[in-house]
Amino acid sequence: MYKEKILDDKNSECVKLWYEWFELFKDPDKRFSKESKALRKKWCKCCDEMGDLLSLEVKTNPIYDEVKRNR
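Below: a short report on this structure. (Residues numbered from 1 in each chain as written. Predicted model: local features only at pLDDT ≥ 70, side-chain atom pairs only at ≥ 80, totals over all residues. Heavy atoms only, no water.)

### Let's talk about the pattern of salt bridges
With the rule as written, the count across this model stands at six salt bridges. With a closest N to O distance of 3.0 Å, Glu20 and Lys16 form a salt bridge. A residue pair is termed a helical-turn pair when its members lie 3 or 4 positions apart in one helix, as Glu20 and Lys16 do in helix H1 (residues 5–26) at four residues. With relative accessibility at 32%, the residue Glu20 sits in the partly exposed group. (Salt bridge = Lys/Arg side-chain N within 4 Å of Asp/Glu carboxyl O. Helix = DSSP H or I, 4+ residues; strand = E, 2+ residues; numbered from the N terminus. Buried < 20%, exposed > 50% of the residue type's maximum accessible area, 1.4 Å probe, protein only.)

Laid out in structure tokens, this is it:
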């Protein structure tokens, strides 16, 4: 999905965590369990890290210079 391997890897990690959390969330008995809450927190942290990586990539990678100029 991404040109940069680090972004692609982080995205895959976040997707995997979301699916793990969602499987628990679908089960009414496990929806608000400690495990479900921990997975949700881990997924949120992964998304925050992904956002930071994306922001850094756009700021430092020259291939995005034209995109920045056209804003």
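### Focus on the packing of H1 against helix H2 (residues 34–60)
Each pair of packed helices can be summarised by the angle the axes make with each other and by the distance between the axes. Put simply, H1 and H2 touch, their axes get as near as 9 Å, and they point 160 degrees apart. Between H1 and H2, the crossing angle belongs to the class labelled roughly antiparallel. Crossing geometry of H1 relative to H2 is assigned as left-handed. Of the residues that constitute the contact of H1 with H2, the class distribution is 14 nonpolar, two polar and eight charged. (Axes fitted to C-alpha atoms, helices over the stretch in contact; angles between N-to-C directions. Parallel < 35°, antiparallel > 145°, perpendicular 65-115°, else oblique. Left-handed = near helix turned anticlockwise from the far one by under 90°. Nonpolar A, V, L, I, M, F, W, Y, C, P; charged D, E, K, R; others polar.)

### Things to note about the packing of aromatic side chains
Under the counting rule described, the total for this entry stands at six aromatic pairs. Each ring, one from Trp18 and one from Trp21, has its centre 6.3 Å from the other, and the planes form 55 degrees; the classification is tilted. Of the two residues, Trp18 and Trp21 are both situated in helix H1; the distance of three residues between them amounts to about one turn of the helix. The partly exposed category is assigned to Trp18, whose relative accessible area is 27%. An angle of 55 degrees between the planes, with centres 6.2 Å apart, marks the rings of Trp21 and Phe22 as tilted. Ring pairing ties together the aromatic residues Trp18, Tyr19, Trp21, Phe22, Phe25 and Phe32, which thus form one cluster. The residue whose ring lies beneath Arg31 is Phe25, and the NZ or CZ to ring-centre distance is 4.2 Å. (Phe/Tyr/Trp six-rings, centres within 6.5 Å; stacked < 30°, edge-to-face > 60°. Lys NZ or Arg CZ within 6 Å of the ring centre and 35° of its normal.)

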